[in-house]
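# A look at the structure
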Amino acid sequence: QVQLQESGPGLVEPSQTLSLTCTVSSGSITTGAKYWSWIRQNPGKGLEWIGHISYSGSPYYNSSLASRLTMSVDTSKNQFSLKLSSVTAADTAVYYCAGGSDTSKVDFWGQGTLVTVSS
Amino acid sequence: DVVMTQSPLSLPVTLGQAASISCRSSQSVTYSDGIAYLSWFQQRPGQSPRRLIYKASHRDSGVPDRFSGSGSGTDFTLTISRVEAEDVGIYYCMQGTYWPPVTFGQGTRLEIK
């Protein structure tokens with residue numbers, strides 16, 4: 001069973017760049033899933049799909065965030081990453097990484113990491 | 001974007017009773033291959049979401065058979081035949097047919113009366 005673990009700063013200052021990494025374990029990033037996603041959950045709110053990337057590196061972004069987003073994959077480290085620039089308080093959320101297949105796009109999730117945007 | 005609308009948003013249920021959650025999409029999420037790429041997730045308090053159902057009616061491995069999914073086109077239902085205490089949490093539907101973006105419903109909070 002592939003496991004996912006998010007890592008990165010828990011506090012980011014407004015206007016700075018939020019950077020998170022998801023480490024894939026008990027499996028390979030090239031075979032463990034077809035789509036590697038980022039999803040966020042604002043405090044007390046629902047789920048928002050941020051985007052996903054395949055292991056070959058083709059990303060798809062939510063258009064509402066696309067101008068500030070960069071996703072990448074590092075197959076040598078079995079990791080994929082998220083960068084969100086020019087953050088505001090509205091970007092405060094629990095960020096989840098997830099893996100998915102063609103059956104669902106989102107099949108399994110990491111534990112999530114809380115990122116707070118504040119000075 | 002495909003908008004997913006769940007109802008009810010809050011669902012108080014007596015232990016042992018049945019519960020149903022509705023999920024409606026703003027357009028059909030049944031793809032040209034005849035498959036609705038509609039999933040249901042359970043998020044227990046303090047945990048990350050866990051998938052219960054995929055392709056509208058296929059139950060994931062390890063999911064109790066009291067959970068079932070049905071529907072096609074724009075109307076889908078998650079049914080719990082006999083609610084247990086461990087079922088407390090928030091349930092989300094999600095469509096992965098027409099993307100980007102993948103879209104989620106607002107969530108339905110299930111609680112025990």
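For the structure, see preceding data.
Residues numbered from 1 in each chain as written. Chains lettered and ligands numbered in written order. Predicted model: local features only at pLDDT ≥ 70, side-chain atom pairs only at ≥ 80, totals over all residues. Heavy atoms only, no water.

### Quick notes on the overall build of chain B
Within chain B, the secondary structure is distributed over 0 helices and 11 strands. Rg of the C-alpha trace for chain B: 13 Å, near the compact-globule value of 13 Å for 113 residues, within the 12% margin. A buried classification covers 46% of the 113 residues belonging to chain B. Summing over all exposed atoms, chain B offers an accessible surface of approximately 5,100 Å²; the carbon and sulfur share of this is 46%. (Helix = DSSP H or I, 4+ residues; strand = E, 2+ residues; numbered from the N terminus. Rg over C-alpha atoms; globule rule 2.2 N^0.38 Å. Buried < 20%, exposed > 50% of the residue type's maximum accessible area, 1.4 Å probe, protein only. Areas by Shrake-Rupley, 256 points an atom, 1.4 Å probe, with all protein chains shown as cover.)

### Thoughts on the interface of chain A and chain B
If you look at the interface, chain A gives 21 residues, while chain B gives 19 residues. Between chain A and chain B, a total of about 1,700 Å² is buried, with carbon and sulfur atoms accounting for 64% of that surface. It is Leu47, Trp49 and Thr103 of chain A that lose the most area in chain A upon contact with chain B, and together they represent 32% of the buried surface on that side. For the pair chain A and chain B, the number of links is 1 salt bridge. Of the charged contacts, one joins arginine 51 of chain B and aspartate 107 of chain A as a salt bridge, the two residues approaching to 2.9 Å between their closest N and O atoms. Counting across the chain A and chain B interface gives 8 residue pairs in polar contact (both at pLDDT 80 or more). Taken together, the elements giving at least two residues each to the side of chain A that touches chain B come down to strand S4 (35-41), strand S5 (47-53) and strand S6 (59-61) of chain A. (Contact = heavy atoms within 4.5 Å. Buried area = accessible area lost by both parts, 1.4 Å probe. Salt bridge = Lys/Arg side-chain N within 4 Å of Asp/Glu carboxyl O. Polar contact = N/O pair within 3.5 Å; in protein donor to acceptor, adjacent residues only side chain to side chain.)

### A few points about the nonpolar core
Residues Leu18, Trp36, Trp38, Leu82 and Tyr95 of chain A are the most contacted members of the largest nonpolar core, which totals 26 residues. At the level of elements, strand S3 (18-25), S4, S5, strand S7 (69-74), strand S8 (79-84), strand S9 (93-100) and strand S11 (113-117) of chain A are the ones that each hand at least two residues to this core. At 4 residues, S3 of chain A tops the list of elements feeding residues into this core. Leaving out residues up to four positions away in the same chain, leucine 82 of chain A has contacts with Leu18, Ser19, Leu20, Trp38, Ile50, Leu69, Thr70, Met71 and Tyr95 of chain A. In this structure, Met4, Leu11, Leu38 and Ala56 of chain B belong to the second largest nonpolar core, which totals 23 residues. (Core = buried A, V, L, I, M, F, W, Y, C linked by side-chain atoms within 4.5 Å.)

### Some remarks on the sheet that holds S7 of chain A
Residue and element names in this part refer to chain A. Pairing within the open sheet is antiparallel, and its 4 strands lie in the order S1-S3-S8-S7. A strand with exactly one partner marks an edge of an open sheet, and here the two such strands are strand S1 (3-7) and S7. Ignoring strand direction, the axes of neighbouring strands in this sheet form an average angle of 15°. In this structure, S1 lies alongside S3, joined through 5 bridges in antiparallel fashion. Note that in S3 the partner of glutamine 5 across the bridge is threonine 23. (Pairing = 2+ DSSP bridges. Axes fitted to C-alpha atoms, helices over the stretch in contact; angles between N-to-C directions.)

### Side note on the sheet that holds strand S3 (residues 19-25) of chain B
All names here are of chain B. Reading across from one edge, S1-S3-S8-S7 is the order of the 4 strands in this open sheet, with antiparallel pairing throughout. Only two strands of the sheet have a single partner each, and these edge strands are strand S1 (4-7) and strand S7 (67-72). The sheet shows a mean angle of 20° between the axes of neighbouring strands, taken without regard to direction. Sheet topology places S3 next to strand S8 (residues 75-80); 6 bridges connect them, and they run antiparallel. From the neighbouring strand, cysteine 23 faces S8, where its bridge partner is phenylalanine 76.

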